[in-house]
Amino acid sequence: MTTARPAHTDERSDERPEERPDDRYDAQRIERKWSERWQSDSLLYAAEERSTKPKYYVLEMLPYPSGALHMGHVRNYSIGDALARYMWMNGYNVLHPMGWDSFGLPAENAAIKNNTPPREWTLRNIAAMKAQMKRIGFGYDWSREVTTCLPEYYRWNQWFFLKLYEAGLAYRKKSKLNWCPECATVLANEQVVGGMCWRHENTRVEQRELEQWFLRITKYADELLRDLEKLQGWPEKVRVMQQNWIGRSAGTLVDFDLGGTVGPAGSTITVFTTRVDTIYGATSVQLAPEHPLVGDIIARNPTLRTQVEELISEQRRAKEAGDIGNIEKHGVFTGRYAKNPYNGEALPVWVANYILMDYGTGAIMSVPAHDERDFEFATKYNLPIRVVILPASSDPEETTAEPPLPFTTMDGILVNSGEFSGLGCAEAIEGMSAYAAEKNFGKATVAFRIKDWGISRQRYWGTPIPMVYCERDGVVPVAEKDLPVILPDQVKVTLSGGSPLLNVPEFLNTTCPKCGGPARRETDTMDTFVDSSWYFYRYADAQNDKAPFDSAKIAYWFPIDQYIGGVEHAILHLIYSRFWTKFMRDMGQVTNDEPIARLFTQGMVIKDGAKMSKSFGNVVSPDEMVARYGADATRMYSLFASPPDRDLDWQESGIEGIQRFLGRVYRFFTTNWDAPSSAPMTDSARRLQRKLHQTIKRVTDDFQGRWHFNTCISAIMELLNDANRRMLGTDDAHPVTGALVKADKIPQSLVAEVRRNIALLLAPMAPYLAHELWEMAGETSNLLKAPWPKYDAALAAEDEIEIPVQVNGKLRGVVVVSADAGEDKIKNTALADEKVKAAIAGKQMAKVIVVPKKLVSIVVR
RNA sequence: GCGAAAGUGGCGGAAUUGGCAGACGCACCAGACUUAGGAUCUGGCGGGUAAAACCGUGGGGGUUCGAGUCCCCCCUUUCGCACCA
């Protein structure tokens with residue numbers, strides 16, 4: 001059935017007077033209008049090359065172009081964009097760029113699934129996500145866009161790799177590596193989470209031995225640790241995580257002589273210990289099952305070999321399961337003895353499954369009396385336990401008392417320790433280390449947990465490593481002038497082992513840069529964390545085709561003033577970035593020691609108590625939110641729902657509330673309030689003005705300080721509620737008497753002032769609406785660069801304040817006094833209050849405490 | 001096991017410095033305007049009471065005139081680290 005539209009008639013009785021279209025907040029209309037304007041101005045968000053303004057570099061972590069933004073992105077970028085806009089309004093030369101971390105495995109998976117080349121898939125995703133960002137209205141300087149999968153970018157990865165190679169910081173080594181069967185590639189230690197692949201949480205990581213390229217991040221281990229001190233603008237949590245990751249421990253190396261009884265691997269066991277002061281209490285030496293000496297020891301002993309092999313597999317199983325910490329301690333005695341160089345004692349040598357080859361030297365001295373693990377082990381195998389440290393005590397009699405074992409703390413005194421007896425632990429460590437060095441059987445040293453960074457990936461979609469293997473010249477770097485080594489386009493991608501590039505002869509076969517003879521290219525590609533280790537430098541000079549960047553531009557923009565992203569990058573990305581910066585500094589490319597001055601880690605976006613994910617079916621699509629409520633409401637809700645460092649619980653009804661608020665703001669501008677054009681500042685007007693200045697202060701303070709955007713949005717809501725109430729002439733309740741007072745009309749000039757400032761205050765958080773309101777208020781300047789409002793402390797100050805009065809700790813009344821009232825005045829007013837009088841009637845007043853501007857507390861008996 | 005953060009109405013959260021607990025928003029309830037309302041506006045909204053009193057910030061102690069906030073013990077949740085010698 002079709003109903004013809006009624007012909008145009010002049011009169012339709014049932015029709016209500018139509019709202020003027022402009023009376024309704026139409027987010028889609030407003031956002032379309034401003035989006036068009038902004039996009040026609042390519043210089044709108046551009047950072048200035050030469051500027052007299054102070055610089056401000058605000059950066060959000062670049063996304064992986066998966067195809068669509070998720071709410072986590074929206075939250076991250078809403079915070080960054082609000083800050084950038086705030087800084088623009090405060091007169092800074094703001095650098096606010098965006099890019100794409102666009103190499104990596106998902107593109108290959110998608111290629112297999114959809115039969116689309118990774119490059120095509122990736123670039124299409126980038127276009128889609130860029131459109132989303134523009135729709136939401138994030139103010140990025142797109143002239144500086146960085147796309148890591150393009151040769152214009154990754155050629156500099158290769159260039160840096162050559163520099164690292166020249167500096168001896170890139171090297172090749174055969175090693176056992178973490179292998180994810182699902183990814184069919186090697187993973188860095190950082191990408192193994194509890195024995196599982198970081199990307200496939202149900203896939204157990206295996207160990208494989210392969211020739212790999214490594215970057216010598218350990219060269220900077222000490223500095224990376226030390227400079228954490230400088231990063232006061234970073235969350236404590238992140239600094240601690242990095243500190244643990246680097247895992248520095250100062251200790252001593254001590255050689256235990258095997259008396260020439262062991263084969264080619266040597267006849268000395270070097271142990272690492274942080275407690276050399278306990279060495280006189282050592283009752284055995286423990287080797288990791290994979291220690292090189294173990295091979296020699298078990299060579300002619302099949303029984304022992306079987307036992308050790310069992311230890312190795314126990315350890316491997318535990319490692320793969322990720323619970324090496326809970327392994328049941330096992331060990332076998334090798335039948336050998338090693339000499340403690342301090343006292344000449346021969347100690348039995350054991351092999352134990354809880355000793356790790358990749359920490360320290362893979363060998364320890366076992367001191368059961370003063371170490372938890374050694375105590376457990378010695379108890380199990382009946383090894384002797386000898387006390388050599390007694391608790392220090394101010395009472396000399398107590399010093400002789402045997403402590404409960406194991407006694408592991410450092411506040412003790414050495415006993416039974418030869419010439420070192422009587423020393424405190426700390427001085428003993430120092431003295432005994434020096435002694436070892438002097439006698440040439442050891443020295444003080446530092447062990448680190450951090451390992452060199454393995455960057456080889458047997459994958460296609462990444463930066464080719466610019467190295468060539470020649471039969472005559474061996475490993476040869478590609479000449480700088482021949483960069484970039486282009487990643488070929490038409491490649492059959494599979495996920496079965498080995499790099500797909502092996503099957504591309506025109507890539508694989510090349511000539512040796514040295515001799516010109518036939519050679520093969522390296523077919524592994526770089527870990528994508530290489531891309532993200534320095535991308536933010538490229539933003540400073542994104543078009544440069546002669547160098548990764550011009551150092552002068554880096555000197556201007558760096559360090560990054562504010563970096564914003566998820567805490568999941570606390571270790572990997574952020575430690576590699578710091579390493580890369582230090583390397584670039586040492587090669588003279590940059591002058592800053594650290595890339596990032598301030599770091600902010602925002603919380604996750606969750607829904608129904610769980611992280612948004614497809615498997616939970618609780619994913620909220622930003623596109624849908626923007627279509628339904630508008631970009632302003634979407635981003636503003638992401639700022640309003642919780643403080644940015646906490647997790648955000650997405651509630652659809654919450655965003656509706658924000659939408660309603662924006663609608664009220666809009667109507668505040670369209671409503672004709674019938675305000676007197678010139679009127680004296682009535683009491684009510686004065687109160688509104690005070691509220692306005694208080695609001696400016698609150699919002700400004702939040703931007704300057706703790707970034708609790710939820711409370712500064714609340715403040716703006718309060719201002720609007722207050723203004724509306726007064727303008728509508730709703731009755732005002734007197735704060736004390738409760739008597740209703742007719743609200744006064746607000747003069748036109750104050751209405752205009754409130755409107756103007758609401759537009760300004762909203763500009764960082766709801767830019768589309770703010771710009772529209774700014775224009776509606778008759779302003780012609782660009783709101784993006786309009787000066788941020790200043791509050792007047794005098795106008796913000798209350799002239800009357802409410803003072804609660806407590807009697808014996810319970811609230812009994814509230815009195816109003818002028819803000820500058822002295823103690824006596826406040827006290828007298830409080831004591832004159834009827835309710836207070838009633839509460840203290842018939843009792844004896846013991847004490848009256850007056851806290852000016854705060855409260856009165858009366859104690860009665 | 002070690003370390004960190006957190007625990008406040010039906011919900012998200014506020015209280016920034018020891019000083020009126022619950023701002024702001026959601027949900028809900030009532031009313032207004034309406035043929036209608038998933039629009040808008042007004043009012044209410046921790047428990048309790050007729051109204052008060054009184055009780056309320058995970059639990060138990062403490063300091064203080066006064067504690068969500070400080071101290072001690074415990075519980076729960078989240079995150080990080082975990083035979084690192």
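Above: the structure in question.
Residues numbered from 1 in each chain as written. Chains lettered and ligands numbered in written order. Predicted model: local features only at pLDDT ≥ 70, side-chain atom pairs only at ≥ 80, totals over all residues. Heavy atoms only, no water.

**Some details on the sheet that holds strand β33 (residues 800–807)**
What counts here: DSSP bridges decide pairing: two strands pair if at least two such bridges lie between them. The secondary structure listing takes helices from DSSP runs of H or I that are at least 4 residues long and strands from runs of E that are at least 2 residues long, numbered from the N terminus. Geometry is summarised by axes, namely lines fitted to C-alpha atoms with helices restricted to the contacting stretch, and by angles between N-to-C directions that run from 0 to 180 degrees.
If you trace the four strands from one edge of the open sheet to the other, you get β34-β33-β36-β35, paired in mixed fashion. Strands with a single pairing partner mark the edges of an open sheet, and in this sheet they are β34 (810–818) and β35 (845–851). Between one strand and the next, the sheet's axes are offset by a mean angle of 20 degrees, whatever the strand orientation. Where β33 lies against strand β36 (residues 855–860), three bridges are found, and the strand directions are parallel. Note that in β36 the partner of Gln806 across the bridge is Ser857.

**What about the protein's contact with RNA strand B?**
For the record, the criterion: Proximity criterion: a residue is near a molecule or strand once any of its heavy atoms comes within 4 Å of it. Here a polar contact means two N or O atoms within 3.5 Å. Within protein one must be a hydrogen donor candidate and the other an acceptor candidate, and residues neighboring in sequence count only if both atoms are side-chain atoms. For this scheme, ten residues count as nonpolar: Ala, Val, Leu, Ile, Met, Phe, Trp, Tyr, Cys and Pro. Four count as charged, namely Asp, Glu, Lys and Arg, and the remainder, Gly too, count as polar.
Residues in contact with RNA strand B amount to 51 residues; listed here are only the nearest, Thr274, Ile327, Lys329, Arg373 and Arg449. In RNA strand B, atoms within 4 Å of the protein come from the sugar-phosphate backbone in 65% of cases. The separation between a phosphate oxygen of RNA strand B and a polar side-chain atom of Asn721 is 3.2 Å. Among the elements of the structure, α7 (236–246), β11 (268–273), α18 (652–670), α20 (709–727), β33, β34, β35 and β36 are those that each provide at least two residues to the surface near RNA strand B. If one sorts the elements of the surface near RNA strand B by residue count, α20 sits on top with six residues. By residue class, the composition of the surface near RNA strand B is 18 nonpolar, 14 polar and 19 charged.

**Here we look at the pairing of strand β15 (residues 363–366)**
Put simply, the rule reads: Any residue under 20% of the maximum accessible area for its type is buried, any over 50% is exposed, and the rest in between are partly exposed; the area is computed with a 1.4 Å probe on protein chains only.
Alternating residues of β15 divide into Ala363 and Met365 and Ile364 and Ser366, and every residue in both groups is buried. Pairing analysis gives four bridges linking strand β12 (residues 284–287) to β15, with the strands arranged antiparallel. Its bridge partner being in β15, Gln286 is matched across the sheet by Ile364.

**Section: the pattern of salt bridges**
Short version of the rule: When a carboxyl oxygen of Asp or Glu is within 4 Å of a side-chain nitrogen of Lys or Arg, the pair counts as a salt bridge.
All told, the structure shown has 50 salt bridges when counted by the stated rule. Of the charged contacts in the structure, one is a salt bridge between Asp561 and Lys55, with a shortest N-O distance of 2.8 Å. Of this pair, Asp561 sits in the loop between α14 (551–557) and β26 (562–566) while Lys55 sits in strand β1 (residues 55–60), placing them 506 residues apart in sequence. With relative accessibility at 18%, the residue Lys55 sits in the buried group. Between Arg459 and Glu108 there is a salt bridge whose closest N-O contact spans 2.8 Å. Placement of the pair is Arg459 in the loop between β20 (456–457) and β21 (467–470) and Glu108 in helix α3 (residues 105–114), with a sequence separation of 351 residues.

**Quick look at unusual backbone geometry**
The linkage connecting Leu483 with the following residue, Pro484, adopts the cis geometry, with an omega of -5 degrees. As for its placement among the helices and strands, Pro484 is situated in the loop between β22 (474–477) and α12 (505–508). Despite not being glycine, Asn808 has its phi angle at roughly 50 degrees, a positive value. Within the secondary structure, Asn808 sits in the loop between β33 and β34. The exposure class of Asn808 is partly exposed, given its relative accessible area of 44%. Backbone geometry at Lys853 places phi at a positive 70 degrees, although glycine is not the residue there. For Lys853, the location among the structural elements is in the loop between β35 and β36.

**Concerning the packing of aromatic side chains**
For any pair of aromatic rings, the description rests on two quantities: the centre-to-centre distance and the angle between the ring planes. Worth spelling out the cut-off: The rule is short: rings of Phe, Tyr and Trp, with Trp giving its six-membered ring, pair when the centres are within 6.5 Å, and they are stacked under 30 degrees, edge-to-face over 60, tilted in between.
Using the criterion set out here, one finds 59 aromatic pairs in the structure. Relative to Tyr140, the ring of Phe138 has its centre 6.0 Å away and its plane inclined at 50 degrees; by these criteria the two rings are tilted. A relative accessible area of 4% means that Phe138 is categorised as buried. Three or more aromatic residues link up through ring pairs in this structure, and these residues are Tyr153, Trp156, Trp159, Phe160, Tyr220, Trp453, Phe529, Trp534, Tyr576, Phe579 and Trp580.

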